[in-house]
Amino acid sequence: MNTEKTSLINEDIRTTGDLGVILAEADAEDLDILVDYITDRGNGRLTLDSAMCKILVSAKDTQTYGPTERALIAHEILEFGGNSLGNAYRKARAMFAGSFLDTVLPNAAPTVAYDEIVRDVASHLGVKMPDITAVADVEMVIVRKIMGKAVEKMTDEEKEAVAKELGLSSIPVGPGALGLMIQTARFGGFTTFKLATMVANAVAKALLGKGLTITANAALMRGVGIALGPIGWAITAIWTLADLSSPAYRVTMPAVVQVAYMRNKLIAKKTYSACRECQAVVERSDKFCSNCAAPLGEVA
């Protein structure tokens, strides 16, 4: 019996801070986005080993993501995170160059835990979170921060479309009111997945020139609606929020957004499906469709 595989299946996706757990169950099309972020669309990065770059690009080209390739993606994200946090540490340590402290302070670690990377990205965006906050919650605060700022650049029609998709009956009155609501509201269930999908898709379009690819779980993804549609977000302007001059942040920031989407996609796959009669999104535990009242003995 493969105990490693069993532990991945039984791990609570909602709370795990183990990046490997998310990547182990991820669809290839979502791993493709991470590979593009890590390798700069196959062009390579100065801080990325050329041999590792070739392995990742080959995995994407052949759509062969075995345990080794998935582990390598996780390792490279953690290594880039180690670079961003290590650089800050090295700057602080430089203040003590030549002193006694310089001889006793440890060197910066090459990699760090994923939850440290997520908190570092949140801090870089000006978001402060209590240390006890679960990593998945910090991911979604980052997603909401980006979306909240993005809607400030949208037209009224786009704002109405986003509000409708998020289940809001109307747009709050006042400058920045919708953005503030998105940043502070606690969206639950399938709406959280929609929000993560919207932002991950927009970030991929801004940085890679293309959005998410949806082939797996097509029936479920139909419920996402405009999240993958041609909304004219000025999402690129949001990156002025975050200084991306650091090569590490060019990887860790979009990677955290993508992992937030992947985590919520895994949760959605385990929790929701589509009614065979009307294609409405339903909970797997429901007996009847809340939209058309059809029996849900079998769902897509």
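What comes next is a walk through the structure.

Reading the values: rules and limits
Numbers given to residues run from 1 along each chain, matching the order in which its sequence is written. Since the coordinates come from a predicted model, pLDDT governs what is reported: local features require at least 70, and pairs of side-chain atoms require 80 or more to be given and counted, while whole-chain, interface and lining totals use all residues. Excluded from the side-chain calculations are hydrogens and water; all other atoms, namely the structure's heavy atoms, are used. Numbering goes from the N terminus for both helices and strands, where a helix is a DSSP run of H or I of at least four residues and a strand is a run of E of at least two. Relative accessibility decides the category of a residue: with a 1.4 Å probe and only protein chains considered, values under 20% of the type maximum give buried, values over 50% give exposed, and everything between is partly exposed. Here a residue-residue contact requires only that any non-hydrogen atoms of the pair lie within 4.5 Å. Here, a salt bridge means any Lys or Arg side-chain nitrogen found within 4 Å of an Asp or Glu carboxyl oxygen. Geometry is summarised by axes, namely lines fitted to C-alpha atoms with helices restricted to the contacting stretch, and by angles between N-to-C directions that run from 0 to 180 degrees. Put simply, angles under 35 degrees are roughly parallel, angles over 145 are roughly antiparallel, angles from 65 to 115 are roughly perpendicular, and the rest are oblique. By the definition used in this description, the sense in which the near helix is turned from the far one sets the handedness, with an anticlockwise turn below a right angle giving left-handed and a clockwise turn giving right-handed. In this count, Pro and Cys sit with the nonpolar residues alongside Ala, Val, Leu, Ile, Met, Phe, Trp and Tyr, while Asp, Glu, Lys and Arg are called charged and the others, Gly among them, polar.

**Re the side chain of Asn264**
Consideration 1: Position of Asn264 relative to the elements: it lies in helix α13 (residues 247-271).
Consideration 2: Looking at Asn264, the relative accessible area reads 10%, which means it is buried.
Consideration 3: Apart from the residues within four sequence positions on either side, Asn264 is in contact with Met140, Thr192, Phe193 and Ala196.

**Overview of the pattern of salt bridges**
Consideration 1: Tallying each qualifying case throughout the model produces 9 salt bridges.
Consideration 2: For Asp36, the salt bridge goes to Lys60, with nearest N and O atoms at 2.8 Å. Here Lys60 lies in helix α4 (residues 50-62) and Asp36 lies in helix α3 (residues 28-39), a separation of 24 residues in the sequence.
Consideration 3: Overall, Asp36 belongs to the buried group, its relative accessible area being 4%.
Consideration 4: Here the residues in one salt-bridge network are Asp27, Glu29, Asp30, Lys265 and Lys269, joined through shared partners.

**Considering helix α10 (residues 177-184)**
Consideration 1: All buried positions along α10 are accounted for by Ala177, Leu178, Gly179 and Ile182.
Consideration 2: Buried residues in α10 make contact with α8 (135-150), α9 (156-165) and α11 (189-208).

**Some words on the environment of Ala196**
Consideration 1: On the secondary structure map, Ala196 appears in helix α11.
Consideration 2: The contact partners of Ala196, leaving out residues within four places of it in the chain, are Met140, Val143, Ala260, Tyr261 and Asn264.

**Things to note about the packing of α8 against α11**
Consideration 1: Where α8 meets α11, the closest approach of the two axes is 10 Å, and the angle between their N-to-C directions is 60°. With respect to α11, the axis of α8 lies oblique. Judged by the sense of rotation from one axis to the other, the crossing of α8 with α11 is left-handed. Mapping the contact onto sequence places Met140, Val143, Arg144, Ile146 and Met147 in α8 and Thr192, Leu195, Ala196, Met198 and Val199 in α11.
Consideration 2: Residue composition of the contact of α8 with α11, by class: 8 nonpolar, 1 polar and 1 charged.

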